[in-house]
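# Summary of structural features
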Amino acid sequence: MIKKRHQLTPAFLTALLAVTLFASCSAGQSIKFSKRPVQNNSRIAVLIDADSTMKNSVLQKLKSSGFRVQDAEGIFAKLDTDREKNKFLRLESSNLPVSKRTVNNLFKMLIYKTEIQKAEKLGEMRNKFDVQYLVLMTFSDWENTSWARAIDLRSNELIWVDNHPTGPGDNIETVTEYFISSMTGGK
Amino acid sequence: MKKRTALKIVLILLITLAAYSAEASQKIAFGHFTNASKDLNYDYLETMFPNSFANSIKNTFGIKIIKNKKVESLLKKKNLKLERSYKFQELPDLCDKIGSDFFVWGSFSPLPDKNIKIDINFYMADSKKIFTFSNTGKLEVEIFKLVDRITQILALFMSEDMFYKSAFIPKNSRIAVMSNLSGDELNYIYISLMNAGYEIASTNANSLLSGIDRQLIERCLYISSKDNSYDFIPDKKSSRVLAESQEGIKGDTPLMYVNRLYDNFEIHYFKTKMDVMERIARFYNADLVLIVGLNKAKNNAWVRCINLKTRELIWMQSNITASNLSLIGKKIADNMGSKTLVPVKGQ
């Protein structure tokens, strides 16, 4: 490949610092996309990243808004991708005569197979509980930004995405209300 | 629009040329371009193609070229001969022997309606990487256009962006994104693609964490498909090992395990991968797999895109830089919808 020589001049370093500062400043911006609304009488499976008190509050809000809610926590728990990954890492550093390319291919297949297994799990849940959407909400950094997504499980298509930076006076309830409104086509 | 595209190509070629001037001592050697058909009427192209490529690349890059006749004589002095094809493992030694930084060889097959398909292999000795691609053009009338197009593809691939794109990606295509980004960061990429009119299959999106770290995504930098691949030379461990006699042995011994891995993930990897791709396409109704790798600072991305219908690598690009993930997402979406030859720059 072409060899490039980078010179660390003061101008270059200043530009690099400016870009880094701008990048960190522009993180956490409010963005959303909704392809179609999620009807608030739908049966939904939810994955929530929050402590148990917050999670109960979010679940209550969803139920009181008319959603029929199925908690999907632990749905991917048995996939154990990390265990497979560690097994391949051990193989790579072992004395066994396995080439780097073979190990790379193992890792690549692990990524694809994990996605297939997730689709199978979601398909099972959809059929068992007759859920139409998977809704994900994360409040683990809610004092700065919360985010949410909705997936139509009939087609496995992502239909709603929202990153919501916390505003003055926001709390878990108001953020949840915002997400419900955004998801159902209100905001 | 055509003028702008032509201008961009000229600009990229000039930048690449300038980079090569700094590396003026680099050499590119040419091997055989073999007639893969049984039709002897096309044998004349075996001489024409390597010479035309050599001249076109010399004119474009200003790089020193070693034509295949010269390669033959260099090898003859060492009691060796220029083979029609090489195993990837043989390439480092070959380049050492002929003193070349790059080695190009390939084959061609006539297609109906006076079309011709050329398969090109481009080996880079310095990095021990190999780029394989194919291109199709009209025989006779457009043969020199085809040669120039292949030179342009190589110029773009060798630029800092390492750009290659063989197919236009229509809006409304459904994309299965795999990335080392998670959560709100991944959402920036999704929203950019959705705003550009693409549908998103829910791979990665269906989890709170993608589960793919940077080390894992970087395994996907190398992609092999039927016609187009970017790969590295397998090391010497890449062969079947002599397993101890299986007679009387119960269970799986380490060497049996190693051989099974070698069979499934090296020798028959193509089939293993095809099966998995078929299931991804089916479960997610997806048209494409888009692999998006981000650096630690999240300001530089690379992509690999596989068409799930043809199972071909159709787009790869590195060095997609921007100050934030929204802009990186927009650049990816813009380049996704761009024509096949020139990436969208300067946003």
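That block above? That's the structure.
What you are looking at is a predicted structure, and each value in this text was computed from that prediction instead of being measured.

## Some points on the overall build of chain B
Secondary structure assignment for chain B yields 10 helices and 13 strands. A total of 347 residues make up chain B; the buried ones form 56% of that total. Look at the contacts in chain B between residues 6 or more apart in sequence, and 63% of them connect residues 24 or more apart.

## Comments concerning the sheet that holds strand 5 (residues 129-138) of chain B
Two orientations exist for strands paired in a sheet by backbone hydrogen bonds: parallel and antiparallel. Residue and element names in this part refer to chain B. With mixed pairing, the 7 strands of this open sheet are ordered in space as 2-1-3-4-5-10-9. Looking at the sheet topology across the chains shown, the edges are occupied by strand 2 (64-66) and strand 9 (223-224). Two elements, strand 4 (residues 115-124) and strand 5, share 10 bridges in a ladder whose sense is antiparallel. Considered in strand 5, the bridge of Asp119 is made with Ser134. In the packing of helix 4 (residues 91-98) onto the sheet, the strands contacted are strand 1 (27-35), strand 2, strand 3 (102-111), strand 4 and strand 5, and the crossing angle to strand 3 comes to about 115 degrees. Taken strand by strand, helix 5 (residues 143-158) contacts strand 3, strand 4, strand 5 and strand 10 (229-232), and its axis lies near 150 degrees from that of strand 5.

## As for helix 4 (residues 100-129) of chain A
The terminal C-alpha atoms of helix 4 of chain A, which comprises 30 residues, lie 44 Å apart, in line with the 44 Å expected from a rise of 1.5 Å per residue. Once helix 4 of chain A ends, the next one or two residues include Asp130 of chain A, with phi positive near 55 degrees.

## Points about helix 6 (residues 183-195) of chain B
All names here are of chain B. When the terminal C-alpha atoms of helix 6 are compared, their 18 Å separation across 13 residues agrees well with the 18 Å that a helix rising 1.5 Å per residue should span. In terms of burial, helix 6 is largely enclosed, as 10 of its 13 residues are buried. Residues Gly183, Leu186, Asn187, Tyr188, Ile189, Tyr190, Ile191, Ser192, Leu193 and Met194 constitute the buried set of helix 6. Of the residues one or two after helix 6, Gly197 is the one with positive phi, at around 100 degrees.

## Here we look at the pattern of salt bridges
Scanning the model with the defined rule gives 29 salt bridges over all chains in all. Close ionic contact of Glu199 of chain B with Lys35 of chain A constitutes a salt bridge, the shortest N to O distance being 3.1 Å. With Glu199 of chain B in strand 8 (residues 199-201) and Lys35 of chain A in the loop between strand 1 (31-34) and strand 2 (43-49), the pair connects residues from two separate chains. By relative accessible area, Lys35 of chain A is classed as partly exposed at 37%.

## A short note on the environment of Lys118 of chain A
By the element assignment, Lys118 of chain A lies in helix 4. Apart from the residues within four sequence positions on either side, Lys118 of chain A is in contact with Phe76 and Leu79 of chain A together with Asn204, Asn206, Ser207 and Tyr284 of chain B.

## Some details on the side chain of Ser52 of chain B
Residues and elements named next belong to chain B. Tracing the backbone through its elements, the reader meets Ser52 in helix 2 (residues 44-61). By relative accessible area, Ser52 is classed as buried at 12%. With residues near it in sequence (within four places) discarded, Ser52 still touches Phe144 and Val147.

## Some details on the interface of chain A and chain B
On the chain B side, the residues contacting the 66 residues of chain A number 76 residues. Both faces considered, chain A and chain B share a buried interface measuring about 6,400 Å² in area, 61% of it formed by carbon and sulfur atoms. If you look at where chain A meets chain B, you find 7 salt bridges. A salt bridge links Asp213 of chain B to Lys85 of chain A, with the nearest nitrogen and oxygen atoms 3.1 Å apart. At the boundary of chain A and chain B, one finds 28 residue pairs in polar contact (both at pLDDT 80 or more). Contributions of two or more residues to the side of chain A that touches chain B are made by helix 1 (10-26), strand 1, strand 2, helix 3 (81-93), helix 4, strand 4 (133-138), strand 5 (145-152) and strand 6 (157-165) of chain A.

## Examining unusual backbone geometry
Of note in the backbone geometry, Arg311 of chain B takes a positive phi value of approximately 60 degrees without being a glycine. The buried category is assigned to Arg311 of chain B, whose relative accessible area is 18%.

## Notes on the packing of aromatic side chains
Working definition: an aromatic ring pair is given by the centre-to-centre distance plus the angle between the planes. Using the criterion set out here, one finds 18 aromatic pairs over all chains in the structure. The interplanar angle of 85 degrees and the centroid separation of 5.8 Å between the aromatic rings of Tyr86 of chain B and Phe103 of chain B together place this pair among those described as edge-to-face. In this pair, Tyr86 of chain B is assigned in the loop between helix 3 (68-76) and helix 4 and Phe103 of chain B in strand 3, connecting sequence segments 17 residues apart. Classification of Phe103 of chain B as buried rests on a relative accessible area of 0%. In this structure an aromatic cluster arises from ring pairing among Phe102, Phe122, Phe131, Phe133, Phe157, Tyr164, Tyr222, Tyr230 and Phe232 of chain B. Directly above the aromatic system of Phe232 of chain B lies the positively charged group of Lys100 of chain A, at a separation of 5.1 Å from the ring centroid. The ring of Phe76 of chain A carries Lys118 of chain A above its face, with NZ or CZ at 5.8 Å from the centroid.

What counts, and at which threshold
Residues numbered from 1 in each chain as written. Chains lettered and ligands numbered in written order. Predicted model: local features only at pLDDT ≥ 70, side-chain atom pairs only at ≥ 80, totals over all residues. Heavy atoms only, no water. Helix = DSSP H or I, 4+ residues; strand = E, 2+ residues; numbered from the N terminus. Buried < 20%, exposed > 50% of the residue type's maximum accessible area, 1.4 Å probe, protein only. Contact = heavy atoms within 4.5 Å. Pairing = 2+ DSSP bridges. Axes fitted to C-alpha atoms, helices over the stretch in contact; angles between N-to-C directions. Expected span 1.5 Å × (residues − 1). Salt bridge = Lys/Arg side-chain N within 4 Å of Asp/Glu carboxyl O. Buried area = accessible area lost by both parts, 1.4 Å probe. Polar contact = N/O pair within 3.5 Å; in protein donor to acceptor, adjacent residues only side chain to side chain. Phe/Tyr/Trp six-rings, centres within 6.5 Å; stacked < 30°, edge-to-face > 60°. Lys NZ or Arg CZ within 6 Å of the ring centre and 35° of its normal.

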